[in-house]
Amino acid sequence: PELLLYFDESGTPMPKGLSVERDPATGVLLSITAGWGNQGRVKTTGVDLTANLDFPLGAGRWHSNLLLTHVLEDEWNGWDALKYAGVPDTRGTLSNVFTISDFTFSWNVHYISGFDRAREGPEDNVPGWSTHDLQAAWDTPWNGTVVVGAQNVFNEQPHLNEDNDFDTTLYD
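No experiment lies behind these values; they were computed from the predicted model shown.

Cut-offs applied
Starting from 1, residues in each chain are numbered consecutively following that chain's sequence as written. Two thresholds apply to this predicted model, a pLDDT of at least 70 for residue-level local features and 80 or more for giving and counting side-chain atom pairs, whereas whole-chain, interface and lining totals are computed over all residues. Side-chain descriptors were evaluated using all non-hydrogen atoms of the structure, hydrogens and water having been removed beforehand. Criterion for a salt bridge: a side-chain nitrogen of Lys or Arg within 4 Å of a carboxyl oxygen of Asp or Glu. Counting from the N terminus, the helices are DSSP H or I runs at least four residues long and the strands are E runs at least two residues long. Think of it in three bands: with a 1.4 Å probe and only protein chains considered, a residue is buried below 20% of the maximum accessible area for its type, exposed above 50%, and partly exposed in between. Each Phe, Tyr or Trp ring (for Trp, its six-membered ring) is paired with any other whose centre lies within 6.5 Å, and the angle between the two planes then decides the class: stacked below 30 degrees, edge-to-face above 60, tilted in between. Under the counting rule used here, the positive set is Lys and Arg, the negative set is Asp and Glu, and His together with the chain ends is not counted. Here a polar contact is taken to be a pair of N or O atoms separated by no more than 3.5 Å, where protein atoms must pair a possible hydrogen donor with a possible acceptor and residues adjacent in sequence count only if both atoms sit in side chains. Any pair of residues with heavy atoms lying within 4.5 Å of one another is described as a contacting pair. A strand pair is defined by DSSP finding two or more bridges across the two strands.

**Let's talk about the pattern of salt bridges**
Phase 1 of the analysis: All chains considered together, the criterion is met by 4 salt bridges.
Phase 2 of the analysis: Close ionic contact of R22 with E9 constitutes a salt bridge, the shortest N to O distance being 3.9 Å. Note that R22 is positioned in strand β1 (residues 19-22) and E9 in helix α1 (residues 2-10), a separation of 13 residues in sequence.
Phase 3 of the analysis: Given the relative accessible area of 62%, E9 is considered exposed.
Phase 4 of the analysis: Where salt bridges share partners, they join D8, E9 and R22 into one cluster.

**Things to note about the packing of aromatic side chains**
Phase 1 of the analysis: Taken as a whole, this structure holds 2 aromatic pairs when the rule is applied.
Phase 2 of the analysis: Ring centres of W62 and F98 lie 6.4 Å apart, and the angle between their planes is 40 degrees; on these two criteria the pair is classed as tilted. Residue W62 is located in strand β4 (residues 60-76), and its partner F98 is located in strand β6 (residues 90-100); the two are separated by 36 residues in the primary sequence.
Phase 3 of the analysis: For W62, a relative accessible area of 24% corresponds to the partly exposed category.
Phase 4 of the analysis: With 5.7 Å between their ring centres and 90 degrees between their planes, W138 and W142 make a pair best called edge-to-face.
Phase 5 of the analysis: Among the residues examined, W138 registers a relative accessible area of 30% and is labelled partly exposed.

**Structural notes on the side chain of D133**
Phase 1 of the analysis: Examined against the element boundaries, D133 turns out to sit in strand β10 (residues 129-139).
Phase 2 of the analysis: Here D133 is buried and forms no salt bridge, its nearest opposite-charge partner R91 lying at an N-O distance of 11 Å.
Phase 3 of the analysis: Looking at D133, its side chain comes within polar contact range of the side chain of H110, at 2.9 Å.
Phase 4 of the analysis: Those residues in contact with D133, other than ones at most four positions away along the chain, are S106, W107, N108, H110, A150, Q151 and N152.

**What to know about the pairing of β1**
Phase 1 of the analysis: In this structure, β1 lies alongside strand β2 (residues 29-33), joined through 4 bridges in antiparallel fashion. Along β2, the bridge assignment pairs V20 with I32.
Phase 2 of the analysis: Hairpin connection between β1 and β2: a loop of 6 residues separates the two successive antiparallel strands, and G27 in this loop has a positive phi of roughly 80 degrees.

**Some remarks on the environment of H110**
Phase 1 of the analysis: Tracing the backbone shows H110 in strand β7 (residues 103-112).
Phase 2 of the analysis: Between the C-alpha atoms of H110 and D133, which are 23 residues apart in sequence, the distance is 8.4 Å.
Phase 3 of the analysis: When residues no more than four places from it in sequence are discounted, the contact partners of H110 are G92, T93, W129, S130, T131 and D133.

Structure below.
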């Protein structure tokens, strides 16, 4: 309600469905209709790429899938989020699967580009981060599957800092 009173007093337009009602003669507050309102504006443009490759390889079959997103522009209320908010502009996943007989081997690579936290000095740049996941599966004769795998096999840790002044959920 405090923000709505500020909007009312400053003449700022309120989000739809929210209001402050005053007595026209005295200006005394009669009611406030409060709740969640969206008055922000986000403008994002970018490129999404999906590419698939599938072909026989020896006695088996190879399949690769690339998913890549590159953000060209990300503005929040006219503010350049890519430049100042600690937002990476590129994310991608490359999945590779080789199948031969009753065995399947998978190798997945996940990538998040680096970004600048918009402060002074190179210590404020957060480098890109990639992880590698491996998996092997065996389709058993009794209609079951045995799977062994490991995530982040090189134990690459994200480049976090004590301030946590950027979105750490990027690395979940």
